Amino acid sequence: MRQKVIIGMLALAAIIFVRNLYAISVLPDEVNQGQIFRIIFFHVPAAAAAMTGSAVALIASVLFLAKKDFFYDSLAVAVTEVGLAFLAVNLVTGSIWARVIWGVWWAWDPRLTSALICWILYAGYLILRQALEEPTQRATFAAVYSIFAFTDVPIVYFSIRWWRTIHPQPVFFSKNGSFPPDWGRALGVNMLAMFLFYAALTMIRLRQEQTQREIDYLRRTAHAI
Amino acid sequence: MRFLQQVTVITTKDLRAEMRTKEAINASFAFAIVILLILSFAFDPTEETTREISGGLLWIVFTFAGTLVLNRSFARELPNDCLDGLLAAPVPGSALFLGKALANYVLILAVELVALPVFGIFYNVRWTRQFWPLMLVVGLGTWGLTAIGTVFSALTVNIRLREVMLPMLVYPLMIPMLLGAMRLTALLVAGQPIAGDDTVWLRLLFGFDIIFTALALVLMETVLRG
């Protein structure tokens, strides 16, 4: 059943995505930026998905600490790992855009810096997990670390409001947004595809993690006998 | 009242142990001097350039030297199973955190207050022109460093590669604080007051300290006793 749900979600995401690629390709070029502006349709949804993922990781971590149910630990790992990939997509697409528009691959700007720190923090989460052997201790410490790491996420989000940065101000869902409605629709649809894809990948990773736990359990039991 | 008493007991215990062996503070201080020396080769320490990068330079020294103290904070409890004794004591995790953090704070501040004049002499900088604001920034920044560092010192104490894991986990977490502290320190060493746009960094430091102290107080119990 779960298998079918995952395949269904992936297929749906693929269909929406391909359909939307066409919609994006027929949009007219932006006046100042030309072709490259289309990268925003991937850059922003990837960031939104990764940020949502970090919030899910936070909630899963808190729930693990409260209930000591290993399902939440598995969920936290799964969502963090996939989120790291999405944040990487966000950073890479941003970097490509910056090369074209700003002329440099990277600028040490608050938004860019904080997003990169965020990536490093969650990579640290995975490294910490690797360094711990005992499952309960690993889950507990990882959950604590995840809670600490999440404090950086609001800084990423608000950095463009708190400091003067060269990162563009938000053009969607804000008062001074200047995007025509069909562009907003294209972005929204891509966002939907991206979230579906994220959820499907997380579910696959979650199943792996649960299987791993079961194998570990069986191995320990076998060892005890 | 009882809570404060517990905190004081742990702080004095840690400071007394440190004063008898002086292992962390000596290592930390020597390390600070060595880094200051090496960094002076990285660029020509004329007064102009030094002022510009003084913030970054000092805070690199502070964090590196501070990590040594923090690493020892819980590692010191490992021989003779002192950690188990400490956990068995009827002291809540938050009191343990606050006690240890205060002891670490005193030690790291001591190293910093010695490193500052050494920096002034080696790099030929008059750093005292904005003395009290500088002390405020150093105090706030160091507390942020100590609060996070103490929790993670407890968290990494039983991990393989403890000495590497602590900085690897803690440095990225401290970056917002370090950014603010570095910028303000550079400003104050150059003799300018904190004004205008730069007050946002001071607020960031306050906010950072409050958030992480609160998190540490809540989560220390979980880290120590599971």
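Residues numbered from 1 in each chain as written. Chains lettered and ligands numbered in written order. Predicted model: local features only at pLDDT ≥ 70, side-chain atom pairs only at ≥ 80, totals over all residues. Heavy atoms only, no water.

Visitor: So what about the overall build of chain A? Which residues, and what values?
Guide: In terms of regular secondary structure, chain A is built from 7 helices and 0 strands. Taking the principal axes of its C-alpha atoms as reference, chain A extends roughly 70 × 40 × 30 Å. Evaluated residue by residue, chain A yields a buried proportion of 46% over its 225 residues. Taking the intrachain contacts of chain A between residues at least 6 apart in sequence as the baseline, contacts between residues at least 24 apart amount to 74%. For chain A, the computed accessible surface area is about 11,800 Å², with 68% contributed by carbon and sulfur atoms. Between the mean site of the 19 positive side-chain charges and the mean site of the 13 negative ones, chain A shows a separation of 4 Å. (Helix = DSSP H or I, 4+ residues; strand = E, 2+ residues; numbered from the N terminus. Buried < 20%, exposed > 50% of the residue type's maximum accessible area, 1.4 Å probe, protein only. Contact = heavy atoms within 4.5 Å. Areas by Shrake-Rupley, 256 points an atom, 1.4 Å probe, with all protein chains shown as cover. Lys, Arg positive; Asp, Glu negative; His and termini not counted. Charge placed at Lys NZ, Arg CZ, Asp CG, Glu CD.)

Visitor: Can you lay out the nonpolar core for me, pointing to particular residues and giving the numbers?
Guide: A general trend in soluble globular proteins is that nonpolar side chains are found buried together. A:Tyr145, A:Phe148 and B:Phe152 are the most contacted members of the largest nonpolar core, which has 117 residues in total. Setting aside chain neighbours within four positions, we find A:Tyr145 in contact with A:Leu121, A:Gly124, A:Tyr125, A:Leu128, B:Phe152, B:Leu169 and B:Leu173. Counting residues in hydrophobic clusters, the runner-up holds 9 residues, among them A:Ile24, A:Phe41, A:Leu187 and A:Met191. (Core = buried A, V, L, I, M, F, W, Y, C linked by side-chain atoms within 4.5 Å.)

Visitor: Describe the interface of chain B and chain A, and please don't skip the residues or the numbers.
Guide: One frequent convention defines the size of an interface as the accessible area lost when the parts assemble. With 24 residues of chain B at the contact, the number on the chain A side is 24 residues. The three residues of chain B that bury the most area against chain A are B:Leu155, B:Arg160 and B:Leu219, which together make up 20% of that side's buried surface. Put simply, chain B and chain A have 1 salt bridge between them. With its nearest N and O atoms 3.1 Å apart, the salt bridge here joins A:Glu133 to B:Arg160. If you look at where chain B meets chain A, you find 2 residue pairs in polar contact (both at pLDDT 80 or more). For the side of chain B that touches chain A, the elements supplying multiple residues, two or more each, are helix H6 (131–156), helix H7 (162–189) and helix H8 (199–225) of chain B. For the side of chain B that touches chain A, the per-class residue count stands at 20 nonpolar, 2 polar and 2 charged. (Buried area = accessible area lost by both parts, 1.4 Å probe. Salt bridge = Lys/Arg side-chain N within 4 Å of Asp/Glu carboxyl O. Polar contact = N/O pair within 3.5 Å; in protein donor to acceptor, adjacent residues only side chain to side chain. Nonpolar A, V, L, I, M, F, W, Y, C, P; charged D, E, K, R; others polar.)

Visitor: Any chance you could break down the confidence of the model for chain B for me, citing the residues and the numbers?
Guide: Should pLDDT be low for a region, the predicted coordinates there are not to be read in detail. Per-residue pLDDT for chain B averages 88, and the proportion of residues at 70 or more is 99%. Considering each helix and strand of chain B separately, the mean pLDDT is smallest for helix H3 (residues 47–75) of chain B, with a value of 87, and largest for H6(B), with 93. (pLDDT = per-residue confidence, 0-100.)

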